[in-house]
Amino acid sequence: MKLVIYLLITNKRFIIGISIFLLIVLIGLIGPLLYPVDPLSFAGPMEVAPCRRYPLGTDTYGRDLLAQTLVGTRTSLYIGFLTALVAISIGTIIGTLAGTKGGIIDEILMSITNVVLAIPGILLAILIASYIKVRSVEVIALLLGITSWPWYARAIRAQLMSLREREFVYLSKMAGYRDIELAFKDLLPNIATYTFMAFVLYINGGILSEAGLSIIGVGPTKGISLGLILQWASLMEAVRRGLWWWFIPPGAIITVVTSSLMIVSVAMDEIFNPKLRGR
Amino acid sequence: MLEVKNLTKVYELGFVSKKRIIAVENVSFKVEEGEIVSLVGESGSGKTTTAKIILRLLPPTSGSIIFEGKDVWRDVRKREEKINYWRKVHAVFQDPYSSYNPFYTIDRVLKQGVRLIGINPSSDKADELINEALEYVGLNPSEVLGKYPHQLSGGQRQRVMIARCWIIKPKLILADEPVSMIDASMRVSIIELFEKLRESYGSSTIFITHDMSLAYYISDRILVMYKGRIVDEGPPEDVISNPEHEYTKRLIASVPRLYQKWTL
Amino acid sequence: MAANLLSVINVAAYYRQQVGTSIKTIKAVDGVDLYLYEKEILGIVGESGSGKSTLANVILMNIKKPLEFVKGSVRIYTGNGFLDLNSMSVEELRTKVWGKEIALIPQSAMNALMPTLKIKRIILDVIRSHQDRINEKEVVEKAAKRFRELGLPEKAIDMYPFELSGGMRQRAVIAVATLLNPRILIADEPSSALDVVSQRMVLKTFYDLLRKNIIKSVIFISHDIATVRQIATDMCVMYAGKIVERGSTDELIRKPLHPYTEGLIGSIPSVEPGIRERKLKYIPGQPPDLSNPPTGCRFHPRCPYTMKLCKVKEPPMVNVGNKRLVACWLHVKR
């Protein structure tokens, strides 16, 4: 265990990736505090290019874009984390139950998994958007989480099913371990690395999916996120009209965040899969 | 002490068109106290399946396992009773790699043994027992404790497993190919530990192997298994000199000997 | 006088391992001489960690990090002249030597077959990696013929690896590895994972290959001296990165000179009567850590005949007559 942490910390890719990511997180957390401008209220003249007064300019409604970007970053990251939390929670529980109990429980849970897998997330989002007119960021995160746990649950189930037959599991059983103790002490550590990686991937997925939903108009209706900024920018034809300060910053931040997380997950793959080490 | 009666295990695969695999077919045999019995056969002969059923890890399709008068699958049901059973019947598995959870040090398997016999694993008494157990199997505690499985050799890992058995002192040990993944020159020293256990406190061992020469060296009785059935049975000299079944004959002829060369 | 096929002179190869912040050097092969002649089956016997698998890779000059070739020469004699493998590039080795002059069947080869490819595909892949242009039909026909020659069912070529039993898989691997008729075949633990019946069939396959002159000689590496003995004409015993004894199989088994060889032979059970009473003896202790081998003779901590000299100076390899070589102070005449 200690070896793994040591390898992680000394891996160049991991350090680069996690540093960039943490930087963005810092910006998201502290930014709005250091620049306490309300992103949604009128701040000045419309569509002003970046200048000293408005570092990232203003949009069509005269709202400060730097404030929007900062708060948007915080919101998008928040949605990413929530999505990951929801997906991992559901996926781990279902995958563990299916993988360790087997039999009828496994069959039922896998059927549910298959059904959820087949549901197109975007369609569901559009449906929900037409029924619930006011959608908070939490609702969106919940939606994203609920539609994306299947692949992870399947993977966890597969890993556990193979772990179940290993001799050390038998030996723990014969030493008198209860099922729960067995799951925690013997099985969970072996899937922990996978869960960790999946968590990172889900944050990524959450941020990107939210941006996608927001751009087409079925994202959150309250608050401001990077996706929502892009939605406004596209509605107001910012690209055609050359208002680059509107769509480039949020796009850049999404790109940087997702790239840094990808680098982190590649680094983790290298570490956790010993055969890729030593390159 | 142990009686296996008409044990059968059938696997059914597939949901619609069920394919049946008969892993174990009508197997019966007895093991007395202080006996070392070998179950010899190639992979797929059903010996590991039989062992898992005896160890109460895999349920039989039909037949019964009677241990000290009680039916292991029908009379032993509550958790307390199961734990009691595993105090008396324990195992040493084949693969010194997957017998250990790579996340923990090897101390864990020994502490589990201590816990099974009702002693607090973090007590001094536990440490004493663990040290004694390691010395019993020929290991130096300071060289082995606190290490992770991948830091020890296959032979050392198997010895630690046997040390766990010394702590538990079960009446019956099921050793499933305990040395087949160990170098030939190390095998005998580890196998003899089972004999030592018998001398020390009268345990019996069911020794599962595909290596007839090892079985011949250490057992009181040999049972030959082929395609799920027992095809030959008897004391080693008898089985070697008067094999009854075709498979036994082939098995004996195929064991490489040091002082005799095959004609290939 | 049989022709010399392979000359390995004073080779050494070390593993450089990164442990934390420092680098550990494991002297897996440390000064080994080896000669191989036509029609010979040379058995290399040693425990795990003795360096025998590394030696196999060194003979082939299949050196990949963290393994480093430190010194020595590896020379093979082809039909017209010789090739110094240690001075050839990987590209040259791949196209001229591997598969064509020497073939290696690594440990667990039968388990390394891609499960989603039929044997036919695997054969084509192997040949393609050694020859740039191939005629698929010809190759498959040649393979089918070879399978027939070795007593394997032709339809195995159209099957997936998991459809074949362990013994058949290994024999298929052997057939594929020798398709280009290499002069030398090196097999690393080819039968250890198989049951005794399959083991015997695998050994017979090697014999057949030699008898039909498809290959000229075999190097058989194993920790199981009883199995090696069934097929090898000559044997080398390896310990801690060095060869400690060599000689014809019958003589070595009958009268081992090196204490390690003696211990190895004494620890093997067999189904011969009288063995239960004879009681096997075994070699105490463990093989040494090759990053810090013992001084002098590497076997001295476990040797029952250790003398003072053994702890200080490494014994030289001496010829005690009749191609018998041994590296032990007990056999060095003053």
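Keep in mind that what you see is a predicted model, and the values were worked out from it rather than measured.

Enquirer: Sorry, what's going on with the interface of chain B and chain A here?
Expert: Contact with chain B, which involves 24 residues of that partner, is made by 20 residues of chain A. The junction of chain B with chain A conceals about 2200 Å² of combined surface from both sides, 56% of it contributed by carbon and sulfur atoms. Counting across the interface, chain B meets chain A through two salt bridges. Between Asp 186 of chain A and Arg 108 of chain B there is a salt bridge, with the nearest N and O atoms lying 2.8 Å from each other. Scanning the region where chain B abuts chain A turns up 11 residue pairs in polar contact (both at pLDDT 80 or more). Listed by contribution, the elements that provide at least two residues to the side of chain B that touches chain A are α2 (79–88), β6 (89–92), α3 (107–116) and α6 (154–168) of chain B. Top contributing element to the side of chain B that touches chain A by residue count: α3 of chain B, with four residues. Split into classes, the residues belonging to the side of chain B that touches chain A amount to 13 nonpolar, five polar and six charged.

Enquirer: Would you explain the pairing of strand β8 (residues 217–222) of chain C in this entry?
Expert: Each regular strand shows side chains that alternate between the opposite faces of the sheet. All names here are of chain C. For β8, the buried fraction is high: six of the six residues fall into the buried class. Looking at chain direction, strand β3 (residues 41–45) and β8 are connected through five bridges and run parallel. Following the sheet pairing, Ile 41 is matched in β8 by Val 218. Bridge count for strand β7 (residues 184–188) against β8 is five bridges, and the pairing is parallel. Within β8, the position partnered with Asp 188 by the bridge is Ile 221. After leaving β7, the chain enters helix α6 (residues 196–211) and then returns to the sheet as β8, a path that is right-handed.

Enquirer: Looking at this structure, I do not really get the sheet that holds strand β1 (residues 2–13) of chain B. What am I missing?
Expert: Hydrogen bonds between backbone groups are what pair the strands of a sheet, and the pairing can be parallel or antiparallel. Residue and element names in this part refer to chain B. On the basis of which strands lie adjacent, the open sheet formed by four strands has the order β2-β1-β4-β5 and antiparallel pairing. Only two strands of the sheet have a single neighbouring strand rather than two, namely β2 (19–31) and β5 (70–71). Seen against the sheet, helix α1 (residues 47–54) touches β1, β2 and β4 (62–67) and runs at an angle of roughly 115° to β1.

Enquirer: Which parts of the structure should I look at to understand the side chain of Ser 98 of chain B?
Expert: Note that Ser 98 of chain B resides in the loop between β6 and α3. Exposure remark for Ser 98 of chain B: the relative accessible area of 9% places this residue in the buried category. A polar contact of 2.5 Å, which involves the side chain of Ser 98 of chain B, links it to the side chain of Glu 167 of chain A. Ignoring sequence-local partners within four residues, the contact set of Ser 98 of chain B consists of Arg 166, Glu 167 and Phe 168 of chain A.

Enquirer: What should I look at first to understand unusual backbone geometry in this one?
Expert: The bulk of non-glycine residues show a negative phi, and the bulk of peptide bonds are trans. For the bond from Lys 65 of chain C to Pro 66 of chain C, the omega torsion is 0°, close enough to zero to count as cis. Tracing the backbone through its elements, the reader meets Pro 66 of chain C in the loop between α1 (52–60) and β4 (67–78). With phi around 50°, Glu 68 of chain B is a residue other than glycine that occupies positive phi space. With respect to the element layout, Glu 68 of chain B can be found in the loop between β4 and β5. Its identity is not glycine, yet Lys 169 of chain B carries a phi of approximately 50°, on the positive side.

How each quantity is defined
Residues numbered from 1 in each chain as written. Chains lettered and ligands numbered in written order. Predicted model: local features only at pLDDT ≥ 70, side-chain atom pairs only at ≥ 80, totals over all residues. Heavy atoms only, no water. Contact = heavy atoms within 4.5 Å. Buried area = accessible area lost by both parts, 1.4 Å probe. Salt bridge = Lys/Arg side-chain N within 4 Å of Asp/Glu carboxyl O. Polar contact = N/O pair within 3.5 Å; in protein donor to acceptor, adjacent residues only side chain to side chain. Helix = DSSP H or I, 4+ residues; strand = E, 2+ residues; numbered from the N terminus. Nonpolar A, V, L, I, M, F, W, Y, C, P; charged D, E, K, R; others polar. Buried < 20%, exposed > 50% of the residue type's maximum accessible area, 1.4 Å probe, protein only. Pairing = 2+ DSSP bridges. Right-handed = clockwise from strand over helix to strand, strands pointing away. Axes fitted to C-alpha atoms, helices over the stretch in contact; angles between N-to-C directions.

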